[in-house]
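The chain contents come next:
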Amino acid sequence: MNNVNIKHLMEDGQSIIDFDTKSYNFYKLILDDFNKFFDEKSLPAINKLSEIHKNESQFNDFEGLRQRMFSLFRGKKFQDIYCKLGKEIIDNHYSKNALIQKTPTARIQPPQYMTTSFHCDAWYGHSELTTSFWVPLTKINENNTLYMAKDRASSKETLMSFKKNNYDLGQINDISKSICEPVLINYGQIKSFMPDMIHGAVPNTSNRTRVTFDFRIVSSRDDLGHKSISNYYDYNYLLNKDSLNSSDESIDDLSDLRLVSYSNSCRGVNAKSQLTLCAGIAQDRKINITRNESEIYVFSHLPVLRYYLGEESPETNGVIAFSLDIFENDISLAKKVFELALKNNKVILFAAEDILIRNNNDLTKAINIMLNNKN
Ligand SMILES: [Fe+2]
């Protein structure tokens, strides 16, 4: 792996890292998984990721396929090589205080499609300590690639001008594009860039689908911007991943679980929205939801939730709930509920934060997140 010179990254705002595509064969993993998806739908297989749009059956469920990619990203096979690559990047370029995003973001841009308007990642809550990493999986050219600011100075200057003028989105895109150039790298290379680097996509006018993923590394937990610590692995996790009990932190296989989908008053988020997210996550993880339940609002000790985590309901393995916000910052209540669940060998999955409570370690992590959110 080439050394990214972090000083260079700080000055230029961008750099390129090489990785070994044989050791980290993301392409094959994704292509094989997509072909499984097509097979399940009785659609013909594809030979190349760039040819997804050429599927004979006029396939156009690109969002479904993208969600499939996210599921793959959370699974063991992908996580094994992704965490290994993340550790290698941190070993070469960061201190052991660095954190890496747990699940990369998947992008699919077929011909004629548009994806992301021009922006910088700081606009979306990433702190100054964050570096983004963009990994193309298909061959790219100037008609289907990402565009990025030529240098950090012009990016910063443009961001300043955006602050002073109330441009509409069309103007922001036009001005941004004028200071950007196409990112032309190959599979086996990663573009890294700072959160103040303007970048964005243009409509894909090529005849190839662009498939990429991107992830972030934060140099320390001192400033995560608006992002939750639960989105990241720390170095210790990467180091001990292989020796960890596979049930610990593994978000791979929850398909045996039978969970009750639970909602309560949760800071005014309506029950339907809560249950919709729970249902989406459950479908994604192939979790069996046996029923939906709402809390009795007049009580604050959450008797319905306690019932499904107690010994009175042996037919369920626990509960899927919308968010840690169901406790409305009552940390001692949350702790009691978690302890009840663990005592009865039950789990609680919080959909919004993607946290599964199934041991004391998870309990501590969840309580820490609640404490951080409170401060
Ligand atoms: Fe971005």
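The rules we used
Residues numbered from 1 in each chain as written. Predicted model: local features only at pLDDT ≥ 70, side-chain atom pairs only at ≥ 80, totals over all residues. Buried ≥ 20, exposed ≤ 12 C-beta atoms within 10 Å, placed from the backbone. Helix = DSSP H or I, 4+ residues; strand = E, 2+ residues; numbered from the N terminus. Pairing = 2+ DSSP bridges. Contact = placed C-beta atoms within 7 Å. Domains from an automatic or database assignment. Expected span 1.5 Å × (residues − 1). Arc of directions from axis to C-beta. Axes fitted to C-alpha atoms, helices over the stretch in contact; angles between N-to-C directions. Parallel < 35°, antiparallel > 145°, perpendicular 65-115°, else oblique. Left-handed = near helix turned anticlockwise from the far one by under 90°. Nonpolar A, V, L, I, M, F, W, Y, C, P; charged D, E, K, R; others polar. Core = buried A, V, L, I, M, F, W, Y, C linked by C-beta atoms within 7 Å.

J.: Mind laying out the pairing of strand β7 (residues 189–193), listing which residues take part and the relevant values?
T.: β7 sits mainly inside the fold: four of its five residues count as buried. Of the pairings in the sheet, the one linking strand β1 (residues 14–18) to β7 comprises five bridges and is antiparallel in character. Considered in β7, the bridge of Asp 18 is made with Gln 189. The pairing of strand β4 (residues 130–136) with β7 spans three bridges and is antiparallel. The residue bridging Phe 133 from the neighbouring strand is Ser 192, located in β7.

J.: I'd like a description of the environment of Lys 346, backed by residues and values.
T.: Residue placement: Lys 346 occurs in the loop between α10 (331–343) and β14 (347–350). The class of Lys 346 is buried, set by 23 C-beta atoms lying within 10 Å. Considering only alpha carbons, one finds Lys 346 and Ile 52, 294 residues apart in sequence, at a separation of 41 Å. In contact with Lys 346, other than residues within four places in its own chain, are Leu 309, Asn 317, Gly 318 and Ala 341.

J.: So what's going on with the domain arrangement of the protein? Which residues, and what values?
T.: The domain architecture assigned to the protein consists of domain 1 (6–244) and domain 2 (249–374). Placing a centre on the C-alpha atoms of domain 1 and another on those of domain 2 gives a separation of 31 Å.

J.: An account of α10 is requested, with residue identities and associated values reported.
T.: With 13 residues, α10 ought to run about 18 Å at 1.5 Å a step, and its terminal C-alpha atoms sit 18 Å apart, in line with that. Listing the buried residues of α10 in full gives Ala 334, Val 337, Phe 338 and Ala 341. An end-on view of α10 places all buried positions within 100° of arc, on one side of the element. Residues of α10 that are exposed and point more than 90 degrees away from the buried face comprise Ser 332 and Lys 343. Looking at the buried residues of α10, the elements they touch are α9 (303–309), β13 (318–321), β14, β15 (355–357) and α11 (360–374).

J.: Quick rundown of the sheet that holds strand β6 (residues 180–182)? Include the residues and the values.
T.: The three strands are arranged β6-β5-β8 in an open sheet whose pairing can be described as antiparallel. Of all strands in the sheet, those with a lone pairing partner are β6 and β8 (199–201), marking the two edges. When the angles between neighbouring strand axes are averaged without regard to direction, this sheet yields 30°. Sitting on the sheet, helix α6 (residues 169–179) is in contact with β5 (146–149), β6 and β8, with an inclination near 65° to β6.

J.: Hey, could you go over the sheet that holds strand β12 (residues 288–294) for me, with residue numbers and the actual values?
T.: Strand-to-strand pairing in sheets goes through backbone hydrogen bonds, with the strands running parallel or antiparallel. Read across the sheet, five strands follow the order β12-β11-β13-β14-β15 without closing on themselves; strand pairing throughout is mixed. With one partner strand each, in any of the chains shown, β12 and β15 form the two edges of the open sheet. The mean angle between the axes of side-by-side strands here comes to 25°, regardless of whether they run parallel or antiparallel. Direction of pairing for strand β11 (residues 258–263) relative to β13: parallel, over a ladder of four bridges. Residue pairing in the sheet places Ser 261 in a bridge with Ile 320 of β13. Here helix α8 (residues 271–285) sits on the sheet in contact with β11, β12 and β13, set at roughly 155° to β11.

J.: Describe the packing of helix α5 (residues 152–164) against α6, listing the residues and the values that go with them.
T.: The description of two helices packed together rests on the angle between their axes and the distance between the axes. Where α5 meets α6, the closest approach of the two axes is 10 Å, and the angle between their N-to-C directions is 165°. Classed by the angle they form, the pair α5 and α6 counts as roughly antiparallel. Between α5 and α6 the crossing geometry is right-handed. Along the contact surface, α5 presents Ser 154, Ser 155, Thr 158 and Phe 162, while α6 presents Ile 172, Ile 175, Ser 176 and Ile 179. Residues belonging to the contact of α5 with α6 are distributed by class as follows: four nonpolar, four polar and no charged.

J.: I'd like to hear about the nonpolar core, residue by residue, with values.
T.: Membership of the largest hydrophobic core comes to 45 residues, with the highest contact counts inside it found for Ile 30, Ile 100, Met 148, Met 197 and Ile 217. Leu 257, Leu 275, Ile 326 and Val 337 belong to the second-largest nonpolar core, a separate cluster that totals 34 residues.

J.: An account of unusual backbone geometry is requested, with residue identities and associated values reported.
T.: With a phi angle near 50°, Arg 267 is a residue other than glycine that sits in the positive phi range. Mapping Arg 267 onto the fold places it in the loop between β11 and α8. For Arg 267, a count of 11 C-beta atoms within 10 Å puts it in the exposed group. One non-glycine residue with positive phi stands out, namely Leu 302, at about 55°. Within the secondary structure layout, Leu 302 lies in the loop between β12 and α9.

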